[in-house]
Amino acid sequence: MANFDDLFTAPTATETQSDRPQLTKEEYAAKKKAERDSLYALADEMAQEVMRDGEAFRGFLDVQARFDRYSATNALLIYAQNDEATRLRDFDGWKERGIYVRKNETGISILEAGDSYVTEDGRTGYYYNVKKVFDISQTDAKRRRQPQVHYDDRLLLSALIAKRPVPIEMADSVQNGAVYDYERKTIFVQRGMDGQDLFRSVSLALARAEMAQQENSTPQADAFKSYCVSYMLCRKYGVDTQGYDFSRLPDELKNAEPQTIRGELTNIRDTLQTMTGKMVRTLEQSRTAAQKETGKER
C-alpha cells in the first residue's frame, strides 16, 4: 500500500488553536480547499490501486464491511490511512464516552457532509469538510476491539430474508445453491444446504435482486457487485469467506477512471447498507423479543 504519512497537515490530537497560524478568511478557505482536494486525490489513487490487485481489493472490502455506514470514498480513505481500524470517532466523540485519544496520535482524515445546496437541475448537493477521526487503538481504552458477536445460523438467515424484495422458492437442484431469476423476479434456493452455505448463496442472490431494482441494471453488470456485497455481509456477520476469490477483477474496472470506480464502489456500498439495515432491524427485534420472554420466565 502506498505511504501517505506526510500527505496531510491537519493538527494532531494534542494541537491547540493557539498553535495554529492566524489566517485570513481567504487563506483559511484556500487551506480547507487544498485539504479536500488532497483527500479526493487520495481516494482516486486508492480506487485505482485496489482495482489492480485482488488482495488489496479484498482488504478494501473488509474495511467497507466494518464501516458500512461510511461512504465508499471514506472507506477508501480509511483503507489508505489505517486498514486495521475497527472503531472510529472524532476527539470529542471519544471524550464524551470517557475515552481519550493518546498524545501525539495522528487522526484519519475523512470527508464529512456540511451545508447543502441545490444544483441547476434541482438536485440537492453537499459541501464537504475534512474531519479527523481516531481509531480505538489510538485511545486509552483497554478494550481495543469490539467483542465478536456470534449469531445462530438460523437467526442470521431469518434476518437476511425477513424483508426480501422478491419471493423465495425452494427447489431440488439449483446452480450455486441459490439464484435470482431476472425474468420471474424470484429467488430459487436448493433444499438441504447447511446454514453457512445457505447464507453465502442466498446473500448473493438477494444482492442481485436488490440491484435488479436499480436503473440500468443487467445480470452482467450486477454479477461482480453482488458478489462483493455477499462477501461483505459474510465478513460482517462472521460467516466463513475462504471460498471468495478476488484474484480476477473486472477488466473494465481495472482500466476505468477513478470517478467511475468510485461510482461502482458506491453502488456496492449502498446495496450493502440497504441489506444490513434490514438485517439490523430484524436482529434487534429478535433480541428485544427474547429479552421480554426471558423477563416473563423470571
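Above this text sits the structure in question.
Note that the structure is a prediction, hence the values are computed from the model and not measured. The residue count restarts for each chain, going from 1 along the sequence in the order it is written. Under the rules for a predicted model, residues below a pLDDT of 70 receive no local features and side-chain atom pairs below 80 are neither given nor counted, while totals for whole chains, interfaces and linings still include all residues. No hydrogens and no water enter the side-chain calculation; it runs on all heavy atoms of the structure.

Peer 1: Any chance you could explain the sheet that holds strand E1 (residues 88–89) here in plain terms?
Peer 2: Paired through backbone hydrogen bonds, the strands of a sheet run either parallel or antiparallel to each other. Strand pairing follows a simple DSSP-based rule, namely that at least 2 bridges must link the two strands. The way it works is that DSSP assigns letters per residue, a run of H or I at least four long becomes a helix, a run of E at least two long becomes a strand, and they are numbered from the N terminus. One open sheet holds the three strands; their spatial order is E1-E3-E2, and the pairing between them is antiparallel. One side of each edge strand has no neighbouring strand; the edge strands of this open sheet are E1 and strand E2 (108–118). Across two bridges, the pairing between E1 and strand E3 (residues 124–135) is antiparallel. Bridge pairing in E3 links Arg89 to Phe134. With respect to the sheet, helix H1 (residues 25–50) is in contact with E2 and E3, its orientation differing from that of E3 by roughly 80 degrees. Contacts: residue pairs with any heavy atoms within 4.5 Å of one another. The angle between two axes is taken between their N-to-C directions and runs from 0 to 180 degrees, where each axis is a line fitted to C-alpha atoms and a helix contributes only its stretch in contact. The sheet contacts of helix H3 (residues 72–81) involve E1 and E2, and relative to E2 the element is tilted by about 160 degrees.

Peer 1: Looking at this model, I keep getting lost on the sheet that holds strand E4 (residues 168–171). Mind explaining?
Peer 2: Ordered in space as E4-E6-E5, the three strands form an open sheet in which the pairing is mixed. Strands at the two margins of the open sheet, each flanked by one partner only, are E4 and strand E5 (178–181). Neighbouring strand axes in the sheet, compared pairwise and without regard to direction, differ in orientation by 25 degrees on average. Here E5 pairs with strand E6 (residues 186–190) via four bridges, running antiparallel. For Tyr180, the partnering residue across the bridge sits in E6 and is Ile187. Each of E5 and E6 is contacted by helix H6 (residues 195–212), which is oriented at about 15 degrees to E5, the strand it contacts most.

Peer 1: Before we go on, may I ask you to explain the pattern of salt bridges in this structure?
Peer 2: Where side chains of opposite charge bring their charged atoms close, a pairing between them can arise. Take a side-chain nitrogen of Lys or Arg and a carboxyl oxygen of Asp or Glu: if they are within 4 Å of each other, that pair is a salt bridge. Throughout the structure, instances matching the rule amount to 17 salt bridges. For Arg58, the salt bridge is made with Glu55, and the minimal N-O distance between the two is 3.9 Å. Of this pair, Arg58 and Glu55 both sit in helix H2 (residues 54–66), three residues apart, roughly one helical turn. Overall, Glu55 belongs to the exposed group, its relative accessible area being 57%. The shortest N-O distance in the salt bridge between Asp270 and Arg269 comes to 2.8 Å. Take Arg269: its relative accessible area is 11%, and that puts it in the buried class. A single salt-bridge network, built from bridges that share partners, covers Lys31, Lys32 and Glu35. For each residue, the accessible area found with a 1.4 Å probe, counting protein chains only, is set against the maximum for its type, and the residue is called buried under 20%, exposed over 50%, and partly exposed in between.

Peer 1: Honestly, unusual backbone geometry in this entry has me stumped. Any pointers?
Peer 2: Negative phi characterises most residues that are not glycine, and trans characterises most peptide bonds. The phi torsion at Lys185 lies on the positive side, around 50 degrees, for a residue other than glycine. Within the fold, Lys185 resides in the loop between E5 and E6. Not every positive phi belongs to a glycine, and Asn216 is a case in point at roughly 65 degrees. Along the chain, the position of Asn216 falls in the loop between H6 and helix H7 (219–236).

Peer 1: Is there a simple way to think about H7 in this case?
Peer 2: Since the α-helix advances by 3.6 residues per turn, residues separated by three or four positions end up pointing in the same direction. What a helix should span is 1.5 Å times the count of its residues minus one. In a regular helix each residue adds 1.5 Å, so 18 residues correspond to 26 Å; H7 covers 25 Å between its end C-alpha atoms and thus fits that length. In the structure, H7 departs most strongly from a straight axis at Lys225, where the bend amounts to approximately 25 degrees. Two residues or fewer past H7, Gly238 is found with a positive phi of approximately 75 degrees. Fitting axes to the seven residues that end at a residue and to the seven that start at it, the angle between those axes gives the bend at that residue.

Peer 1: Looking at this structure, how should I read the nonpolar core?
Peer 2: Formed by 65 residues in total, the largest nonpolar core has its most connected members in Phe57, Leu160, Phe199, Leu233 and Phe246. Ranked by the residues each element gives to this core, the list is headed by H6, at eight residues. Every residue in contact with Leu160, bar those within four places of it in the chain, is listed here: Phe199, Val202, Ser203, Leu206, Leu233, Met275 and Met279. Among the nonpolar cores identified, the runner-up in size contains six residues, and Trp94, Phe134, Ile136 and Ala141 belong to it. Nonpolar cores are built from buried Ala, Val, Leu, Ile, Met, Phe, Trp, Tyr and Cys residues. Side-chain atoms within 4.5 Å join them into one set.

Peer 1: What should I look at first to understand the packing of helix H5 (residues 153–161) against H6 in this one?
Peer 2: When two helices pack together, you describe them by how their axes are tilted relative to each other and by the distance separating the axes. Taken N-terminus to C-terminus, the directions of H5 and H6 make an angle of 10 degrees; their axes are 10 Å apart at the nearest point. Of the possible angle classes, the one that applies to H5 and H6 is roughly parallel. From H5, Asp153, Leu156, Leu157, Leu160 and Ile161 reach across to H6, where they touch Gly195, Gln196, Leu198, Phe199, Val202, Ser203 and Leu206. Roughly parallel means an angle under 35 degrees; roughly antiparallel means over 145; roughly perpendicular covers 65 to 115; every other angle is labelled oblique.

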